[in-house]
There are 2 protein chains.
Amino acid sequence: MGYKVAADGGALAESTRQKIETRIWLQVLALESTIFAKLNGALLGQFDLSVAKFEFLAQVDRYPEGVSLGQISSNLKVSSGNVSGLVRRLLIDDLITKTMSPDDRRSFIVRFSPKGSDVFARANRLHAATLAACFAEIPDDELEQSLARLRSLHARVRGHHDD
Amino acid sequence: MGYKVAADGGALAESTRQKIETRIWLQVLALESTIFAKLNGALLGQFDLSVAKFEFLAQVDRYPEGVSLGQISSNLKVSSGNVSGLVRRLLIDDLITKTMSPDDRRSFIVRFSPKGSDVFARANRLHAATLAACFAEIPDDELEQSLARLRSLHARVRGHHDD
């Protein structure tokens, strides 16, 4: 009375599935940490800019007319406390300017300083070059498939449990 | 003298490839942050345990005979300062014990306290259940392909620039 499930058709045992789920999470963490370390090293080394500062400046770059701190905080999904700390340090670095919003006097608008605009443009090229080096060994079609796979994974993870 | 590259055969323009690389990085960040938030929320809510504390305890669980702080720091790839902070808080929570190493009096060995062993076993089930919920919509074969894709991506990112 042998019972056999085809290797490619049978459902995974729950414990096997659980191992794969844990490994996916550990791989996501490892991938994030490896790329983050390369970006952080490059940006700190050449521009004394952490990834956190760079991402803040990338938000400023998205809004040439200026952007409120609330908008940046919401886009970056970081707390307003963290945003305040970044603003303080970027002001000290003379990379941004901060002015009162003409529409709402309790709100502040940030823009690039001339120095900030120049530093971001160069840091942005280094950021792209560092990512290009990270992915240099991956052929075009595989790169596109990786993006599609990550998007699908994220959509499914986010879709579930959105309560 | 028209020149045409087949859609599936032509190389990507550099700017297109650069966009895909940036999107992959943003997807990795988003995926990490979404899963992290779900795990952190669940563990904090039920066990007052951050993901950082959980990962420390998972290392303690790997070594039933006890493990040195240096080993944990190296496995988790976090600084010894961060590990010291975690140890201090886990001692206050009464989840671990810390004793001098019999082999090296400058080194400390940590083990679970009875409470820690119990809390970790339950938190570990919650961690697995939270990941299972994250990935619940993904069929087995897609889950396996996702893991393979992430591993390949990480191997190639890590392989390059390992200088």
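For the structure, see preceding data.
Now for a look at the structure at hand.

A separate point is the overall build of chain A. Along its length, chain A carries 6 helices and 3 strands. Of the regular secondary structure in chain A, the N- to C-terminal order runs α-α-β-α-α-β-β-α-α. The C-alpha radius of gyration of chain A comes to 22 Å, more than 25% above the 15 Å expected for a compact globule of 163 residues. The principal-axis extents of the C-alpha atoms in chain A amount to approximately 80 × 40 × 25 Å. Pairs at least 24 apart in sequence give 49% of the contacts found in chain A among residues at least 6 apart. Counting 21 positive and 20 negative side-chain charges, chain A places the centres of these two groups 4 Å from one another.

The second copy of the chain is related to the first by a rotation about an axis and a shift along the axis. Relative to chain B, chain A is turned by 180 degrees and slid 0.0 Å along the rotation axis, the superposed coordinates differing by an RMSD of 0.0 Å. The operation mapping one copy onto its partner corresponds to a two-fold rotation axis. Counting the interface residues of chain A, we find that 100% of their copies in chain B are interface residues as well, pointing to one common contact surface.

Moving on, we come to the packing of aromatic side chains. Residues and elements named next belong to chain A. Across all of its chains, the model carries 4 aromatic pairs over all chains by this definition. Pairwise contacts between aromatic rings join Phe-54, Phe-112 and Phe-120 into one cluster. Directly above the ring of Phe-108 sits Lys-98, whose terminal nitrogen or CZ lies 4.4 Å from the centroid.

A word on the sheet that holds strand β3 (residues 108-112) of chain B. All names here are of chain B. Sheet architecture is open: 3 strands sit in the order β1-β3-β2, paired in antiparallel fashion. Because the sheet does not close on itself, it has two edges, and the strands there are β1 (67-68) and β2 (96-100). Bridging between β1 and β3 involves 2 bridges; their strand directions are antiparallel. Opposite Ser-68, over in β3, you have Ile-109 as the bridge partner.

So, how was this worked out
- Residues numbered from 1 in each chain as written.
- Chains lettered and ligands numbered in written order.
- Predicted model: local features only at pLDDT ≥ 70, side-chain atom pairs only at ≥ 80, totals over all residues.
- Heavy atoms only, no water.
- Helix = DSSP H or I, 4+ residues; strand = E, 2+ residues; numbered from the N terminus.
- Rg over C-alpha atoms; globule rule 2.2 N^0.38 Å.
- Contact = heavy atoms within 4.5 Å.
- Lys, Arg positive; Asp, Glu negative; His and termini not counted.
- Charge placed at Lys NZ, Arg CZ, Asp CG, Glu CD.
- Least-squares fit on C-alpha atoms with pLDDT ≥ 70 in both.
- Phe/Tyr/Trp six-rings, centres within 6.5 Å; stacked < 30°, edge-to-face > 60°.
- Lys NZ or Arg CZ within 6 Å of the ring centre and 35° of its normal.
- Pairing = 2+ DSSP bridges.

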